[in-house]
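Survey of secondary and tertiary structure
Read off the chains here:
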Protein chains: 2
Amino acid sequence: MSIVETAEVAVDTPQDRLRLAKDAARVTARLTSGEKADALHAIADALLAHGDEIIAANADDLARGERDGIGAGLLDRLRLDTPRVAALAEAVRQIAALPDPVGEIVRGHRMPNGVNLEQVRVPFGVVGAIYEARPNVTVDIAALALRSGNAVVLRGGSAALSSNTVLVGVMRDALEAQGIVPDAIQSVDAFGRDGAKALMHGRGFVDVLVPRGSASLIETVVTESTVPVIETGAGNVHIVLDDSAPEEWARDIVVNAKVQRPSVCNAAETVLVLRGAAERLVAPVASALQAQGVTIHGDETVRTLVEGVEPATEDDWATEYLTLDIAMRVVDSLDDALEHIRRYSTGHTESIVTTDVRNAERFLAEVDSAVVLANASTRFTDGSEFGFGAEVGISTQKLHARGPMGLPELTSTKWLGRGSGQVRV
Amino acid sequence: MSIVETAEVAVDTPQDRLRLAKDAARVTARLTSGEKADALHAIADALLAHGDEIIAANADDLARGERDGIGAGLLDRLRLDTPRVAALAEAVRQIAALPDPVGEIVRGHRMPNGVNLEQVRVPFGVVGAIYEARPNVTVDIAALALRSGNAVVLRGGSAALSSNTVLVGVMRDALEAQGIVPDAIQSVDAFGRDGAKALMHGRGFVDVLVPRGSASLIETVVTESTVPVIETGAGNVHIVLDDSAPEEWARDIVVNAKVQRPSVCNAAETVLVLRGAAERLVAPVASALQAQGVTIHGDETVRTLVEGVEPATEDDWATEYLTLDIAMRVVDSLDDALEHIRRYSTGHTESIVTTDVRNAERFLAEVDSAVVLANASTRFTDGSEFGFGAEVGISTQKLHARGPMGLPELTSTKWLGRGSGQVRV
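Conventions and cut-offs
- Residues numbered from 1 in each chain as written.
- Chains lettered and ligands numbered in written order.
- Predicted model: local features only at pLDDT ≥ 70, side-chain atom pairs only at ≥ 80, totals over all residues.
- Heavy atoms only, no water.
- UniProt positions renumbered as here; feature names shortened; annotations may be inferred.
- Helix = DSSP H or I, 4+ residues; strand = E, 2+ residues; numbered from the N terminus.
- Rg over C-alpha atoms; globule rule 2.2 N^0.38 Å.
- Buried < 20%, exposed > 50% of the residue type's maximum accessible area, 1.4 Å probe, protein only.
- Contact = heavy atoms within 4.5 Å.
- Areas by Shrake-Rupley, 256 points an atom, 1.4 Å probe, with all protein chains shown as cover.
- Phe/Tyr/Trp six-rings, centres within 6.5 Å; stacked < 30°, edge-to-face > 60°.
- Buried area = accessible area lost by both parts, 1.4 Å probe.
- Salt bridge = Lys/Arg side-chain N within 4 Å of Asp/Glu carboxyl O.
- Polar contact = N/O pair within 3.5 Å; in protein donor to acceptor, adjacent residues only side chain to side chain.
- Nonpolar A, V, L, I, M, F, W, Y, C, P; charged D, E, K, R; others polar.
- Pairing = 2+ DSSP bridges.
- Axes fitted to C-alpha atoms, helices over the stretch in contact; angles between N-to-C directions.
- Arc of directions from axis to C-beta.
- Domains from an automatic or database assignment.
- Parallel < 35°, antiparallel > 145°, perpendicular 65-115°, else oblique.
- Left-handed = near helix turned anticlockwise from the far one by under 90°.
- Least-squares fit on C-alpha atoms with pLDDT ≥ 70 in both.
- Core = buried A, V, L, I, M, F, W, Y, C linked by side-chain atoms within 4.5 Å.
- Patch = residues over 30% accessible without salt bridge, like charges linked within 9 Å, V, L, I, M, F, W, Y side chains within 5 Å.
- Lys, Arg positive; Asp, Glu negative; His and termini not counted.
- Charge placed at Lys NZ, Arg CZ, Asp CG, Glu CD.

The name that an unreviewed UniProt entry assigns to chain A is Gamma-glutamyl phosphate reductase, with the source organism given as Microbacterium paludicola. Entered under Catalytic activity (unreviewed entry) in the UniProt record, the comment concerning chain A runs "L-glutamate 5-semialdehyde + phosphate + NADP(+) = L-glutamyl 5-phosphate + NADPH + H(+)". A UniProt comment under Pathway (unreviewed entry) is attached to chain A, and it reads "Amino-acid biosynthesis; L-proline biosynthesis; L-glutamate 5-semialdehyde from L-glutamate: step 2/2."

Take the overall build of chain A next. Across its full length, chain A carries 15 helices and 16 strands. Relative to its length of 425 residues, chain A is compact, with a C-alpha radius of gyration of 24 Å against a globular reference of 22 Å. Projected onto the principal axes, the alpha-carbon positions of chain A cover approximately 75 × 70 × 35 Å. Out of the 425 residues belonging to chain A, those deemed buried represent 57%. Across chain A, contacts joining residues at least 24 apart in sequence account for 73% of those joining residues at least 6 apart. With an accessible surface of roughly 16,000 Å², chain A has 50% of that area assigned to carbon and sulfur atoms.

All names here are of chain A. Per the stated rule, a full pass over the model turns up 6 aromatic pairs over all chains. Relative to F388, the ring of F386 lies with its centre 6.0 Å away and its plane at 85 degrees, an arrangement referred to as edge-to-face. Owing to a relative accessible area of 1%, F386 belongs among the buried residues under this scheme. The class of F388 is buried, set by a relative accessible area of 14%.

A word on the interface of chain A and chain B. Listed as interface residues are 71 residues of chain A and, on the opposing side, 71 residues of chain B. Buried area between chain A and chain B, both sides added, is near 5,900 Å², and the carbon and sulfur share of it is 50%. Scanning the region where chain A abuts chain B turns up 16 salt bridges. Between A:R424 and B:E385 there is a salt bridge, with the nearest N and O atoms lying 3.2 Å from each other. Taken together, chain A and chain B are joined by 55 residue pairs in polar contact (both at pLDDT 80 or more). With 11 residues, strand β16 (residues 411–422) of chain A is the largest single contributor of residues to the side of chain A that touches chain B. In terms of residue class, the side of chain A that touches chain B is made up of 30 nonpolar, 21 polar and 20 charged. With 5 bridges connecting them, β16(A) and strand β13 (residues 371–376) of chain B associate as parallel partners. Along β13(B), the bridge assignment pairs A:L416 with B:V372.

Time to look at the sheet that holds strand β13 (residues 371–376) of chain A. Taken in spatial order, the 10 strands line up as β10(A)-β9(A)-β11(A)-β8(A)-β7(A)-β12(A)-β13(A)-β16(B)-β2(B)-β1(B) in an open sheet, and their pairing is mixed. Strands with a single pairing partner mark the edges of an open sheet, and in this sheet they are β10 (310–311) of chain A together with β1 (105–110) of chain B. Bridge count between strand β7 (residues 237–241) of chain A and strand β12 (residues 349–353) of chain A: 4 bridges; the pairing is parallel. Residue pairing for β12(A): A:I239 is matched across the bridge by A:S351. The strands that helix α11 (residues 275–291) of chain A touches are β7, β8 (268–274), β9 (295–298) and β11 (325–331) of chain A; relative to β11(A), the one it contacts most, it runs at about 170 degrees.

Quick look at helix α15 (residues 357–366) of chain B now. Looking only at α15(B), the buried set comprises B:N359, B:A360, B:F363 and B:L364. Within α15(B), the buried residues cover an arc of 130 degrees as seen down the axis, which keeps them to one side. Residues of α15(B) that are exposed and point more than 90 degrees away from the buried face comprise B:V357, B:R358 and B:A365. Among the structural elements, β16 of chain A together with β7 (237–241), α14 (334–344), β12 (349–353) and β13 of chain B are those in contact with the buried residues of α15(B).

Time to look at the domain arrangement of chain A. According to the domain assignment, chain A contains domain 1 (14–109 + 116–233) and domain 2 (237–385). The centre of domain 1 of chain A, based on its C-alpha atoms, is set 35 Å off from the matching centre of domain 2 of chain A.

This brings us to the environment of A:V127. Residues and elements named next belong to chain A. Examined against the element boundaries, V127 turns out to sit in strand β3 (residues 126–131). Separated by 96 residues in sequence, V127 and T223 have C-alpha atoms that sit 18 Å apart. In this structure V127 touches N150, A151, V152, V153, V208 and L410, once residues within four positions along its chain are discounted.

Residue and element names in this part refer to chain B. Axis separation between helix α6 (residues 135–147) and helix α7 (residues 161–177) bottoms out at 9 Å; the angle between their running directions is 25 degrees. Classed by the angle they form, the pair α6 and α7 counts as roughly parallel. Here the hand of the crossing between α6 and α7 comes out right-handed. Residues P135, T138, V139, A142 and L146 of α6 form the contact with α7, whose participating residues are S163, N164, L167, V168, M171 and L175.

Under the fitted operation, chain A is carried onto chain B by 0.0 Å of movement along the axis and a turn of 180 degrees, and the coordinates agree to an RMSD of 0.0 Å. What the rotation and shift describe, once combined, is the action of a two-fold rotation axis. Every residue of chain A has its C-alpha some distance from the rotation axis, and the shortest such distance is that of A:H400, at 1.9 Å.

What follows deals with the nonpolar core. Residues A:I43, A:L47, A:I185, B:I43, B:L47 and B:I185 are the most contacted members of the largest nonpolar core, which totals 108 residues. If sequence neighbours within four positions are ignored, A:I185 has contacts with A:I43, A:A142, A:V152, A:L154, A:V168, A:M171, A:R172 and A:L175. Within the second largest apolar cluster, 30 residues are counted, among which are B:A245, B:V255, B:A268 and B:V271.

A few words on the sheet that holds β13(B). Working definition: the strands of a sheet are paired by backbone hydrogen bonds and lie parallel or antiparallel to each other. Judged by pairing direction, the sheet is mixed, and its 10 strands sit side by side in the order β1(A)-β2(A)-β16(A)-β13(B)-β12(B)-β7(B)-β8(B)-β11(B)-β9(B)-β10(B) without closing on themselves. The sheet is open, and its two borders are formed by β1 (105–110) of chain A together with β10 (310–311) of chain B, each paired with just one other strand. Along the sheet, helix α10 (residues 247–259) of chain B contacts β16 of chain A together with β7, β8 (268–274), β11 (325–331), β12 and β13 of chain B; its crossing angle with β7(B), the most-contacted strand, is approximately 170 degrees. The sheet strands contacting helix α11 (residues 275–291) of chain B are β7, β8, β9 (295–298) and β11 of chain B, and the helix crosses β11(B) at an angle near 170 degrees.

Right, let's get into the pairing of strand β2 (residues 116–123) of chain A. Residues and elements named next belong to chain A. The buried fraction of β2 is high, at 7 of 8 residues. The sheet contact formed by β1 and β2 spans 5 bridges and is antiparallel. Looking across to β2, one finds that G108 is bridged to E118. Counting the residues that bridge the hairpin from β1 to β2 gives 5 residues, and of these G114 lies at a positive phi of roughly 100 degrees.

Turning to the pattern of salt bridges, a few remarks are in order. Inspection of every chain in the model, using the stated rule, returns 56 salt bridges over all chains. Put simply, B:D100 and B:K36 hold a salt bridge, and the shortest N to O gap is 2.8 Å. Taken together, the residues B:D100 in the loop between α5 (82–97) and β1 and B:K36 in helix α2 (residues 33–49) connect sequence positions 64 residues apart. For B:E366, the salt bridge goes to B:R362, with nearest N and O atoms at 3.0 Å. Within this pair, B:E366 and its partner B:R362 are both found in helix α15, separated by 4 residues, close to a single helical turn. Each of A:R30, B:D335, B:R362 and B:E366 takes part in salt bridges that share partners, so that together they form one network.

Turning our eyes to something else, we now look at a negative patch on the surface. Residues and elements named next belong to chain A. Together, D52, E53, D173 and E176 line one region of the surface with negative charge. When contributions to the negative patch are tallied by element, the ones reaching two or more residues are α3 (51–68) and α7 (161–177). The residue E53 is located in helix α3 in this model. For E53, a relative accessible area of 44% translates into the label partly exposed.

What follows is the structure in C-alpha cells.
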C-alpha cells in the first residue's frame, strides 16, 4: 500500500489537476512492469463491470449530439454499446501485454576514468492529450500512458463529456482499488476551454502534449502550446506508378490504399502516373477504382484515357479527401513526381510501385515523409501493422517521434553515471 | 558538380532565407559522409586562410562592445585572435572526424507478409539556432549541422554581428568552392529581430530550433516558437552528501564540481548534507571550498559548524550562481534531500556521494534530471566527456534529446518499407 499517496489539497482549478498529476507521476514511474499490468487488467475488469453505467452516460451524449445535429458519422464514432465496451476492455488487456519500455538501457559505456555511464528509458512524467469526440481514445491513451509509467491528463471533446466522465471515474476507482494513486489518470474536461489552455501552457507540469483530431485542433495546439507537442498530422498520401510498375501490383496497391478504409490518414489521396506508364496503367487502375465506387479527379491526360473522370483542380492535389475520392495525374518523370510530392505531401506516407531498383531506392531516399514505401500499400502505416501493439497516433513531425508512435515514444531517457570518487581533470 | 543548385530568386526577407535553406537541405541530406568531411576540412582551411579578415571584423565588434560598455567577461568571450581562430578551425576538423549518424539503421524487421521494414536515421532538414555573443558558436553549430546532413539558419547576438557576418561568408564560400550549395549555411542576422521571429514562426521550413544562451533568451524562444524547440536550460546543480559519504570523495567531488570552471552549467550550486554526516563532513568540505576562494551561503547548522559562512536565504536555494559561490544546507534525511531537489533543481545534473548502494540506487532512480550521478563530479555532464566529440548543447527537456546533445540528436528518423506488391488485409 506504500504506493498510495492521498491528495490533501482541494482541487478547484485545472492547474491543481496538473499538480496532482505531477505528484502521481512520481508513483507511476516507480511501478514495476507487473504492477502496471495488474492495474491495467483491473481497469479492463472495471470497464466490463460498469458497462451499463458507461452506456447510460454515453446515451446522454448521443441524445445531446442528436439534438445538436452532429452528423451520423460522428454519432457512430461517439456510440458505445456492450460489444464496444468489451472491445475497450480488450484493448486495455492488449496494452497490458506489451513489453514495458521503462528501464531499457538504450546505450552505455565505461568512461576512460571508470565511471559507468548508461542512458536508460524513463517515463516522460505527465502526458497530456487533447482530442475529439471518440471516447475510446480516453481509455486507449490512459492505458498507454500508464503502461509506460506516465500519469496522464486528458481533455476530450465536449460531445463525449458524459461518457468520458464515467470512463475516467471507472479507471480512477480501479487504480485506487489496486493501491495506486488515482490522480495518475486526470481529466480537465470539467474546466472547458480553460482545461485545454492549462494543458497547453502547463510548463513544468506537462512533459509532452499529444493532440489528436482535426487539422484545426492540431494547428491550435501546436500554435498555442508552450509545452513540448508531438504533432499527429493529416495524411495527404501519394502513390507513384513508375514506368516499370507491374499492372497487378499497381491496381492492387492503389485499390487497397484507397478503398479498404477511406476515412483514415494512411488512405491514398493522389496517384501520380509516369507518362511512360500512362497508356498501360491509367485505364485498368481507374476502372478498378471506379468498380469500387471511387470518384476519380483527373488531369487532362487521365480524362482522355478513362471515361467518367471529374476534372482535377489545384485544390484536388492539396486535399485529404478521407472519402471514396482520389486525384490522379500523369507526370513526365520521377523528378516531376518527387516535385509534386514535395509540394503537396503532408509528410505522412508515400509509396512507389516499380520494379526498377534505381527508382525505388531514389524514391525511398528522397521522399521526406514519416513512412516511405516501395511496392506496398500505404495502409501499412499503422502501429499494429508495424508490430507496436497499440498506437498513440502517427507523428508527422521530426522531433522525438516520426511515424506510428508506440510505447517507447511515450518515454524519455536519462543518463546515469556510477563512479567511485571521480572528478574532472 | 551535380550537387550545386543555384538559387535564382532574389533574397530580401528572412522567409526567403528559410526557403533557400530548405532547398539546400535536400542537397546536404544526400551528401556522403566523405563529401561532408571534405567540406568541413575546406571550411577549416578557409577559416585559417581568412584569419586576418575575421580578426579585423571581430575588432569592430570589440570596439563597439567597449563603447557600449559590455562587461569584461562578455568582451573576452567575444574576442577572436589568431590562436582562437586556429582553435575554431581545429574544432571543425574534429567534427569532420566524428562518425556520420545519417543512414544508421535504428531498428527493423520483416513484417509477417514479407515487407522489409527499417527505421533509418535521416537529417532533420533545416536546423535553426538562436544564440548570444560567442562567435565560436556560429562555426560549431554550422559544422555540427553540416556533419549530420542538415542545412542551418543562424541568428547570432548583435554584439558579434561583424564577426558572424565574416565567419558565415567564409564558410559559404568554402562550401561553394567544394561544389555544395552555399545556402546550406544561412544567417538571418541582417534582419535583426525579424530574423529571430522568422525562425521561431518558420513552420514548414525550420525542422528544429535550438536556443543557446541566457535563461531569458531560452524562455522567449520556448514561449514564442511555433516550430519544435529543444530547450537547453540552466543548471541549478545539486550534490548530496549521504551519511556514508567518504570524506575524501565528498571533498574532492564538491571542490571539483564548484571550482574547476564555475561559470558553466554543470558546476555545482548547492550541497545538501545529511544530518548524520554534518558533524563529520561540513567543516572539511567547507574549508576546502573556502581555501579555493569560494563563498559559502549556509543554513543555521552549517553556520554553527564553520566560520565565515554567509546566511542562506530562499533565493540561494534557487540561484544558479555561475560564480565562486555555493549554497550549503543540512537536511534530516535522503527524503528531505530529494524533496529539496524536486523543488529547486532545473533538471540538469545532480550527484550523490555515498557508499550505501541502497541510497545510491534510490537517488539514481528518483531524481528526475537529465544526468544523475553517484560518486562522480557533476562536471562530467558534457558532450566531450560522454564521448560525443562536439556538443550542440545540453538539453534539460525530455522530448527528443535529454542531456548532452551530440550529432545523433541533430537527426530524425524515417521508416522505409520494401515490399513486392503487398496490400493490407
